[in-house]
2 protein chains.
Amino acid sequence: MATATETTRIKGVLTPVVTPFDSELRPDAKRLIRQCRWLLDQDVGLAVFGTNSEANSISLSEKFELLDAMIGAGLPPARMMPGTGCSALTESVELTRHAVKLGCGGVLMLPPFYYKGVSDEGLYRNFSEIIQRVGDSRLRIYLYHIPPVSQVPISLPLIERLLKAYPGTIAGTKDSSGVWENTKAMLEQFQPQGFDVFAGSETFLLATLRMGGAGCISATANVNPAAISRLARTWKQPDADKQQAALDVVRSTFAKFPMIPALKAAISEFSGDPEWAVVRPPLVELDATQRKALVEAMRAIDFSMEGLEEPALQ
Amino acid sequence: MATATETTRIKGVLTPVVTPFDSELRPDAKRLIRQCRWLLDQDVGLAVFGTNSEANSISLSEKFELLDAMIGAGLPPARMMPGTGCSALTESVELTRHAVKLGCGGVLMLPPFYYKGVSDEGLYRNFSEIIQRVGDSRLRIYLYHIPPVSQVPISLPLIERLLKAYPGTIAGTKDSSGVWENTKAMLEQFQPQGFDVFAGSETFLLATLRMGGAGCISATANVNPAAISRLARTWKQPDADKQQAALDVVRSTFAKFPMIPALKAAISEFSGDPEWAVVRPPLVELDATQRKALVEAMRAIDFSMEGLEEPALQ
């Protein structure tokens with residue numbers, strides 16, 4: 001029953017790739033591309049322009065430039081699920097259209113996130129307008145539910161309505177609610193209809209896969225890609241629970257710090273590149289004390305990022 | 001002691017001018033300019049691209065076009081305080097720079113509003129970077145404190161630090177917290193230093209003026225401009241409390257409905273122009289029942305919008 005389209009759907013583990021900035025706070029495409037190659041080598045797909053990519057601190061034109069540079073460098077668009085949901089409808093349309101044109105396997109779409117307490121009808125109209133204006137059967141939208149940050153939830157009835165109206169285009173979700181009951185409800189109600197549920201972190205990866213889900217899109221896959229993608233490939237093996245427990249140890253180590261600065265500090269540490277620690281305001285990099293504590297915490301769990309410094313990957 | 005710069009500071013009543021869209025959801029510069037003229041004729045300044053302007057549903061390039069069209073049509077930039085605070089640092093810089101170049105009397109600046117729980121240090125760096133990158137002594141920033149929507153507050157210690165670092169440039173605030181104690185604290189601590197406090201609505205207009213504040217920036221000044229600006233001019237007269245009470249009646253009438261759709265419905269009603277009711281997703285226009293209820297509520301308080309339909313104003 002699987003069609004060509006279904007078999008090419010994005011599955012497994014993706015990460016919202018952290019965006020490198022230089023000391024002048026400019027996005028650095030070269031280092032981003034190198035990082036993406038390292039991630040792909042470990043079977044982790046590229047959810048660039050996610051929350052952990054500081055996507056909403058990056059302008060629309062900067063996103064266009066980065067996306068063009070990544071594709072221009074030969075990164076496979078089929079492994080890419082860029083975040084294209086902006087606050088302004090017309091910017092969501094522009095960025096989504098461009099991602100589809102470049103052949104991206106999907107787009108991860110935030111709801112418009114400035115106005116709060118908006119209705120499901122208003123959100124439906126937003127997604128519906130985007131789909132109709134992009135007007136391309138190749139479009140695959142993954143709805144991005146992250147109420148702790150966006151403050152604008154994507155409800156189950158909204159998913160149901162969108163899926164009914166645009167069954168081929170509404171392709172799945174990333175559930176970053178942190179609420180397992182919600183992910184479970186999505187898996188039960190919508191996964192059987194071909195709506196691919198990605199857990200919002202590896203914390204629920206095994207549980208999601210056991211219920212037929214598609215995988216996870218996780219911040220910590222920026223730093224722990226090999227182990228997380230291994231579980232996604234081998235979750236039917238007897239050591240799956242043990243693997244999950246090991247992932248949880250790494251996740252909880254990073255979760256003690258502000259996540260984005262900590263991910264960048266870890267990459268900076270292992271790559272020996274101090275500029276990797278740079279974040280854009282309103283975020284602030286780890287201070288010396290925090291960074292020392294992170295390094296010690298990583299050492300305590302024997303954490304490493306193999307191959308990150310490999311010149312061959314450049 | 002007043003310098004030329006101080007005397008030209010924006011004062012009194014401004015409104016976040018609602019942005020007209022056509023049936024294809026495109027911003028309509030012509031109708032916006034006409035509306036701005038009507039507001040100016042009633043002594044209300046133009047805080048275009050505010051929350052009630054649906055600014056964050058409008059793309060950066062659309063804002064550039066609207067701003068250029070307004071200035072091109074001869075609207076006085078000295079009466080304009082466009083919202084230029086975007087989620088992305090580089091977009092805030094671009095839009096602010098353009099507004100200053102056009103001679104705008106000030107800019108109303110949201111903090112970056114996607115990432116939540118950010119530190120005052122991170123917000124300080126955001127505003128500081130913008131000021132340094134724009135690098136123009138004509139820049140006047142009004143900090144936009146609207147935690148119910150942005151979810152990113154601008155704290156009193158942050159204002160203190162910014163004001164100390166950039167005393168000429170940090171010109172004031174719009175306090176849309178809805179918490180009088182906060183407005184009062186701003187008035188007591190910062191107004192004496194030339195930091196102009198605007199109440200976030202006319203609800204606190206009289207109280208703000210009595211404490212030496214600059215005025216108010218209010219959504220309902222879109223529909224009730226004459227009466228609100230009259231209080232700002234005549235607040236020392238004996239009927240001030242009575243005027244304030246009359247303003248409160250109008251405000252509470254509109255506050256029974258979703259504010260932006262209600263403002264647009266009222267303008268649509270009085271101008272006889274059905275397209276004025278159009279809002280962009282994620283907002284939804286008033287349905288027939290709500291609109292009927294609004295019309296009845298306006299009738300019940302003898303509310304009118306004189307001159308709105310005047311062809312002479314076009």
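As a reminder, the structure under discussion sits directly above these lines.
To keep things clear, this report deals only with the structure shown in the data block. (Residues numbered from 1 in each chain as written. Chains lettered and ligands numbered in written order. Predicted model: local features only at pLDDT ≥ 70, side-chain atom pairs only at ≥ 80, totals over all residues. Heavy atoms only, no water.)

**Notes on the overall build of chain A**
A tally of regular secondary structure across chain A gives 13 helices and seven strands. Against the globule reference of 20 Å for 314 residues, chain A gives a C-alpha radius of gyration of 18 Å, in line with a compact fold. Seen along its three principal axes, the alpha-carbon backbone of chain A occupies a region of about 50 × 50 × 40 Å. Across the 314 residues that make up chain A, the buried fraction comes to 61%. Look at the contacts in chain A between residues 6 or more apart in sequence, and 74% of them connect residues 24 or more apart. For chain A, the accessible surface area stands at approximately 11800 Å², while carbon and sulfur atoms represent 53% of it. (Helix = DSSP H or I, 4+ residues; strand = E, 2+ residues; numbered from the N terminus. Rg over C-alpha atoms; globule rule 2.2 N^0.38 Å. Buried < 20%, exposed > 50% of the residue type's maximum accessible area, 1.4 Å probe, protein only. Contact = heavy atoms within 4.5 Å. Areas by Shrake-Rupley, 256 points an atom, 1.4 Å probe, with all protein chains shown as cover.)

**Brief notes about the packing of helix H4 (residues 89-101) of chain A against helix H5 (residues 120-134) of chain A**
Residue and element names in this part refer to chain A. One way to put it is that H4 packs onto H5 with a least axis distance of 9 Å and a crossing angle of 45°. By the angle between their directions, the pair H4 and H5 is classed as oblique. Crossing angle aside, the handedness with which H4 passes H5 is right-handed. On H5, the residues touching Leu89, Thr90, Ser92, Val93, Thr96, Arg97 and Val100 of H4 are Asn126, Glu129, Ile130, Arg133 and Val134. Its residues placed into classes, the contact of H4 with H5 shows five nonpolar, four polar and three charged. (Axes fitted to C-alpha atoms, helices over the stretch in contact; angles between N-to-C directions. Parallel < 35°, antiparallel > 145°, perpendicular 65-115°, else oblique. Left-handed = near helix turned anticlockwise from the far one by under 90°. Nonpolar A, V, L, I, M, F, W, Y, C, P; charged D, E, K, R; others polar.)

**A few points about the side chain of Thr96(B)**
All names here are of chain B. Along the chain, Thr96 falls in helix H4 (residues 89-101). The exposure class of Thr96 is buried, given its relative accessible area of 0%. In contact with Thr96, other than residues within four places in its own chain, are Thr84, Val107, Met109, Ile130, Val134 and Leu139.

**Considering the relation of the copies chain B and chain A**
The operation relating the pair of chain copies consists of a rotation about an axis and a translation along that axis. Overlaying chain B on chain A yields an RMSD of 0.0 Å, the required transformation being a rotation through 180° with an accompanying axial translation of 0.0 Å. Taken together, the rotation and translation relating the two chain copies correspond to the operation of a two-fold axis. Judged by C-alpha distance, Tyr114(B) is the residue of chain B that lies nearest the rotation axis, at 3.8 Å. Mapped onto chain A, 100% of the interface residues of chain B are again interface residues, and the two copies thus contact each other with one and the same surface. (Least-squares fit on C-alpha atoms with pLDDT ≥ 70 in both.)

**So, the packing of aromatic side chains**
Under the definition given, this model contains 15 aromatic pairs over all chains. On the basis of an interplanar angle of 70° and a centroid distance of 5.5 Å, the ring pair of Phe254(A) and Phe303(A) is categorised as edge-to-face. Placement of the pair is Phe254(A) in helix H11 (residues 240-254) and Phe303(A) in the segment after helix H13 (288-300), with a sequence separation of 49 residues. Each member of the pair, Phe254(A) as well as Phe303(A), carries the same accessibility label: buried. Centre to centre, the rings of Phe270(A) and Phe303(A) are 5.9 Å apart; their planes meet at 80°, and the pair counts as edge-to-face. Of the two residues, Phe270(A) is situated in helix H12 (residues 259-271) and Phe303(A) in the segment after H13; the sequence distance between them amounts to 33 residues. A relative accessible area of 26% means that Phe270(A) is categorised as partly exposed. By way of ring pairs, the aromatic residues Phe113(A), Tyr114(A), Tyr115(A), Phe113(B), Tyr114(B) and Tyr115(B) are connected into one cluster. Its guanidinium or amino end placed over the ring of Tyr124(A), Arg161(A) lies 3.7 Å from that ring's centre, counting from NZ or CZ. (Phe/Tyr/Trp six-rings, centres within 6.5 Å; stacked < 30°, edge-to-face > 60°. Lys NZ or Arg CZ within 6 Å of the ring centre and 35° of its normal.)

**Remarks on helix H12 (residues 259-271) of chain B**
Residues and elements named next belong to chain B. Helix length check: H12, at 13 residues, gives a terminal C-alpha distance of 18 Å against a target of 18 Å (1.5 Å per residue), a fit within 8%. H12 sits mainly inside the fold: ten of its 13 residues count as buried. Within H12, the full set of buried residues consists of Met259, Ile260, Pro261, Ala262, Leu263, Lys264, Ala265, Ala266, Ile267 and Ser268. For H12, the elements touching its buried residues are helix H2 (29-41), helix H11 (240-254) and helix H13 (288-300). (Expected span 1.5 Å × (residues − 1).)

**Thoughts on the sheet that holds strand S6 (residues 196-199) of chain B**
All names here are of chain B. Strand order in this open sheet of seven strands is S2-S1-S7-S6-S5-S4-S3, and the pairing throughout is parallel. Here the strands that pair on one side only, and so sit at the sheet edges, are strand S2 (44-46) and strand S3 (107-109). The average undirected angle you get between the axes of adjacent strands in this sheet is 30°. The pairing of S3 with strand S4 (residues 141-145) spans three bridges and is classified as parallel. Bridging from a neighbouring strand, Met109 pairs with Leu143 of S4. (Pairing = 2+ DSSP bridges.)

**Section: the environment of Glu121(A)**
Mapped onto the elements, Glu121(A) comes out in helix H5. With near-sequence residues (within four places) excluded, Glu121(A) lies in contact with Arg161(A) and Val284(B). Here the side chain of Glu121(A) touches Arg161(A) through a polar contact of 2.8 Å, side chain to side chain. (Polar contact = N/O pair within 3.5 Å; in protein donor to acceptor, adjacent residues only side chain to side chain.)

**Some details on the interface of chain B and chain A**
Counting from both sides, the interface comprises 44 residues of chain B and, opposite them, 44 residues of chain A. A combined buried area of about 3400 Å² lies between chain B and chain A, and 59% of that area is made up of carbon and sulfur atoms. Of all residues in chain B, the largest losses of buried area upon contact with chain A belong to Tyr114(B), Tyr115(B) and Pro282(B), amounting jointly to 23% of the total for that side. Across the chain B-chain A interface, the total number found is two salt bridges. For the salt bridge of Glu285(A) with Arg125(B), the shortest nitrogen-to-oxygen distance reads 2.8 Å. The interface formed by chain B and chain A holds 24 residue pairs in polar contact (both at pLDDT 80 or more) in total. Looking at the side of chain B that touches chain A, the elements that each hand over two or more residues are helix H3 (60-72), H4, helix H5 (120-134) and helix H6 (147-150) of chain B. Classifying every residue of the side of chain B that touches chain A by side-chain character gives 21 nonpolar, twelve polar and eleven charged. (Buried area = accessible area lost by both parts, 1.4 Å probe. Salt bridge = Lys/Arg side-chain N within 4 Å of Asp/Glu carboxyl O.)

**Regarding the side chain of Asn52(B)**
Looking at the secondary structure, you find Asn52(B) in the loop between S2 and H3. Asn52(B) gets classed as buried once you look at its relative accessible area, which sits at 12%.

**A word on the pairing of S4(B)**
All names here are of chain B. Across the five residues of S4, five count as buried, placing the element largely inside the fold. Of the two faces of S4, the one carrying Ile141, Leu143 and His145 and the one carrying Tyr142 and Tyr144 are both buried. Bridge analysis of S4 against strand S5 (residues 170-175) gives five bridges, and the strand direction is parallel. Across the sheet, the residue bridging to Tyr144 is Lys174, located in S5.

**Concerning the pattern of salt bridges**
Residues and elements named next belong to chain A. Counted by the stated rule, this structure contains 42 salt bridges over all chains. Note that Arg9 is salt-bridged to Asp196, the shortest N-O span being 2.9 Å. Within this pair, whereas Arg9 is found in the loop between helix H1 (4-7) and strand S1 (12-15), its partner Asp196 is found in strand S6 (residues 196-199), the two being separated by 187 residues in sequence. Take Arg9 and Asp196: they sit in the same class, and that class is buried. Sharing partners across several salt bridges, the network here consists of Asp28, Arg31, Asp273 and Glu275.

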